[in-house]
Amino acid sequence: METKIRATITGTGSYLPAKILTNAELEKMVDTNDEWITTRTGVKERRLAAAEEAASDLGAEAARRALKEAKVKPEEIDCLIVATITGDMPFPATACFIQNLIGAKNAAAFDISAACTGFIYALSIGKAYIESKTYKKVLIVAVDLLSRITDWTDRGTCVLFGDGAGAVVLEPTTGEQGIHSIYIGADGALTHLLHQPGGGSRNPATAKTVADRMHYIKMSGNEIFKLAVTAMLDSARKALDQAKLKCEDITLLIPHQANIRIIEATAKRLKLPVEKIFVNIQKYGNMSGATTAIGLDEAYHEGRIKKGDYVELVAFGAGLTWGAAVIKWGK
Ligand code: ACO
């Protein structure tokens, strides 16, 4: 019988830009206040990339840290997958910029677009490459600079978002550790709930699209809020079922950090105690696909996941997209 190959995470890394934007500073920009933002969203501050930094700069630094931890040289990487909706340019792929910055000269390189679920979507591709023995070393980077597409005059969205990057190295193992299951889904009938209408082939950039502020995030917050809890719950349960595990087997749930109320509602319905839920929304806000990648890196380095523990990632985002991954931690 052929031995089962799994994809296991051998290194994690993240990079957060230095500049912090606090709720107090936002109070001076739009009609809002710290009390509203904290109670309605859970965000206290977020990071903003410097003017000269693009997605590839943040992503490359997260990638270097993950490679160092995995003790893998950049030229050993076979494939580099970047999850982003705020790439350096519409083309070429941000993965190609990162490949060049880190020297991963033997890697195939491409981007995927699944917004806040991007890291989990990218993990599912890396997992398939490793399990099918197509590649041995896959580098996954999730990076977003949501500050670059945020309308800083719209109080309904600008309080939520931030910038950051996370990365993991995937390698094969014949052991029990590794990615046990990934469930991903989407509903393209709901694209209008969260989108950036300007700048693509639907509405190419013109003076009018810019004047109409079409290059910024447009979001129907209330509608998304209601769908988010159901999508997160359903995804978390389906990935657990695939892995033949129960909620109580999980040591840590790392949910997408869009709103503390969404996280708490999901955790309550899964009957998970607070100590099993990873939360860092207060420091960074929502960084789209980078959020769960950064969460995984922080949770590991804070000692909240140890070898042999089951950790579950769960996310939802524009598309709408959703997904969850169950990993038996192997480091
Ligand atoms: N400060 C003060 N008041 C505000 C602010 C603000 N920043 N924003 C909105 N309000 C006001 C509204 O104008 C409204 O006032 P009104 O009652 O006088 O009309 C009131 O607060 C309530 O507004 P709601 O929109 O109903 O507030 P809600 O409790 O729904 O919170 C929020 C809004 C935070 C956006 C919430 O709906 C949410 O988190 N939605 C989900 C967002 C999400 O998860 N997005 C997906 C991921 S992002 C991605 O994929 C890139």
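Details of the structure are given in the entry above.
Residues numbered from 1 in each chain as written. Predicted model: local features only at pLDDT ≥ 70, side-chain atom pairs only at ≥ 80, totals over all residues. Heavy atoms only, no water.

### Considering unusual backbone geometry
The phi angle of most residues is negative, glycine excepted, and most peptide bonds adopt the trans form. Here the bond from Phe-91 into Pro-92 is cis, since omega is 0 degrees, no more than 30 degrees from zero. For Pro-92, the position within the fold is in the loop between strand E4 (79–83) and helix H4 (94–102). The omega torsion across Gly-319 and Leu-320 is -15 degrees, close enough to zero to call that bond cis. Looking at where Leu-320 falls in the secondary structure, it is placed in the loop between strand E12 (310–317) and strand E13 (321–328). One non-glycine residue, Ser-288, lies in positive phi territory at about 55 degrees. In this structure Ser-288 comes out as buried when scored by relative accessible area, which is 1%. (Helix = DSSP H or I, 4+ residues; strand = E, 2+ residues; numbered from the N terminus. Buried < 20%, exposed > 50% of the residue type's maximum accessible area, 1.4 Å probe, protein only.)

### Focus: the site of the ligand
Inspection of the region around the ligand gives 24 residues, with Thr-32, Arg-40, Cys-116, Arg-155 and Asn-259 positioned closest. A distance of 2.7 Å separates an oxygen atom of the ligand from a polar atom in the side chain of Asn-259. Within the side chain of Arg-261, a nitrogen or oxygen atom sits 3.0 Å from an oxygen atom of the ligand. Protein burial of the ligand: of its 1,000 Å² of free accessible surface, 74% is covered by the chains. When contributions to the shell around the ligand are tallied by element, the ones reaching two or more residues are helix H2 (34–41), helix H6 (155–158), helix H8 (221–242), helix H9 (260–269) and E12. Broken down by element, the residue count for the shell around the ligand peaks at 4 residues, all from H8. Of the domains in this structure, domain 1 (6–176) and domain 2 (180–328) are the two that each give at least three residues to the shell around the ligand. (Near = heavy atom within 4 Å. Polar contact = N/O pair within 3.5 Å; in protein donor to acceptor, adjacent residues only side chain to side chain. Areas by Shrake-Rupley, 256 points an atom, 1.4 Å probe, with all protein chains shown as cover. Domains from an automatic or database assignment.)

### A short note on the side chain of Ser-124
Within the secondary structure layout, Ser-124 lies in helix H5 (residues 118–131). For Ser-124, a relative accessible area of 17% translates into the label buried. Side-chain polar atoms of Ser-124 contact the backbone oxygen of Tyr-121, separated by 2.6 Å. With near-sequence residues (within four places) excluded, Ser-124 lies in contact with Ile-182 and Ile-184. (Contact = heavy atoms within 4.5 Å.)

### Considering the pairing of strand E7 (residues 163–173)
Counting buried residues in E7 gives 10 out of 11 residues, a clear majority hidden from the surface. Bridge analysis of strand E1 (residues 6–15) against E7 gives 9 bridges, and the strand direction is antiparallel. Among the inter-strand pairings, Ala-7 is bridged to a residue of E7, identified as Pro-172. In terms of strand pairing, strand E6 (residues 138–145) meets E7 through 8 bridges, oriented antiparallel. Each bridged residue has a counterpart across the sheet, and for Ala-142 the counterpart in E7 is Gly-166. (Pairing = 2+ DSSP bridges.)

### Examining the packing of H8 against H9
As a packed pair, H8 and H9 sit with axes 9 Å apart at the nearest point and diverge in direction by 40 degrees. Comparing their axes, H9 and H8 come out oblique. Between H8 and H9 lies a crossing of right-handed hand. From H8, Phe-225, Ala-228, Val-229, Met-232, Leu-233 and Arg-237 reach across to H9, where they touch Arg-261, Ile-262, Ala-265, Thr-266 and Arg-269. Along the lines of polarity and charge, the residues of the contact of H8 with H9 split into 7 nonpolar, 1 polar and 3 charged. (Axes fitted to C-alpha atoms, helices over the stretch in contact; angles between N-to-C directions. Parallel < 35°, antiparallel > 145°, perpendicular 65-115°, else oblique. Left-handed = near helix turned anticlockwise from the far one by under 90°. Nonpolar A, V, L, I, M, F, W, Y, C, P; charged D, E, K, R; others polar.)

### Brief notes about H9
Buried within H9 are the following residues: Ile-260, Ile-262, Ile-263, Ala-265, Thr-266 and Ala-267. For H9, the elements touching its buried residues are H2, H8, strand E11 (250–255), helix H10 (281–284) and E12. Regarding H9, its N-cap is Asn-259, as a side-chain oxygen of that residue lies 2.8 Å from the backbone nitrogen of Arg-261 further along. Of the residues one or two after H9, Lys-271 is the one with positive phi, at around 60 degrees.

### With respect to the pattern of salt bridges
When the charged atoms of two side chains lie near each other, side chains of opposite charge can form a pair. Under the counting rule described, the total for this entry stands at 12 salt bridges. Asp-31 serves as the salt-bridge partner of Arg-155, at 3.7 Å between the closest nitrogen and oxygen. Pair noted here: Arg-155 is in helix H6 and Asp-31 is in the loop between helix H1 (23–27) and H2, with a separation of 124 residues, a long-range link. Across the pair Lys-331 and Glu-69 runs a salt bridge whose closest N-O atoms are separated by 3.1 Å. Here Glu-69 lies in helix H3 (residues 55–70) and Lys-331 lies in the segment after E13, a separation of 262 residues in the sequence. (Salt bridge = Lys/Arg side-chain N within 4 Å of Asp/Glu carboxyl O.)

### A look at the nonpolar core
Among soluble globular proteins, nonpolar side chains are generally buried collectively. Core analysis: the largest hydrophobic core is formed by 50 residues, its most contacted members being Ile-262, Leu-270, Phe-316 and Val-326. Listing elements by their share of this core, those giving two or more residues are H8, E11, H9, E12 and E13. At 9 residues, the largest contribution of residues to this core is made by H8. The two domains that each donate at least three residues to this core are domain 1 (6–176) and domain 2 (180–328). If sequence neighbours within four positions are ignored, Phe-316 has contacts with Cys-116, Thr-117, Ile-224, Ala-228, Ala-231, Met-232, His-256, Ala-258, Ile-262, Thr-321 and Trp-322. (Core = buried A, V, L, I, M, F, W, Y, C linked by side-chain atoms within 4.5 Å.)

### Description of the packing of aromatic side chains
The full count for this structure, using the stated rule, is 2 aromatic pairs. Judged by centre distance (4.8 Å) and plane angle (75 degrees), the ring pair of Tyr-129 and Tyr-135 falls under edge-to-face. Classification of Tyr-129 by relative accessible area gives partly exposed; the value is 23%. Residue class for Tyr-135 comes out partly exposed when judged on its relative accessible area of 22%. A ring pair is formed by Tyr-300 and Trp-329, whose centres lie 5.4 Å apart and whose planes are at 50 degrees; its orientation type is tilted. (Phe/Tyr/Trp six-rings, centres within 6.5 Å; stacked < 30°, edge-to-face > 60°.)

Worth remembering: the numbers are spatial, not functional.
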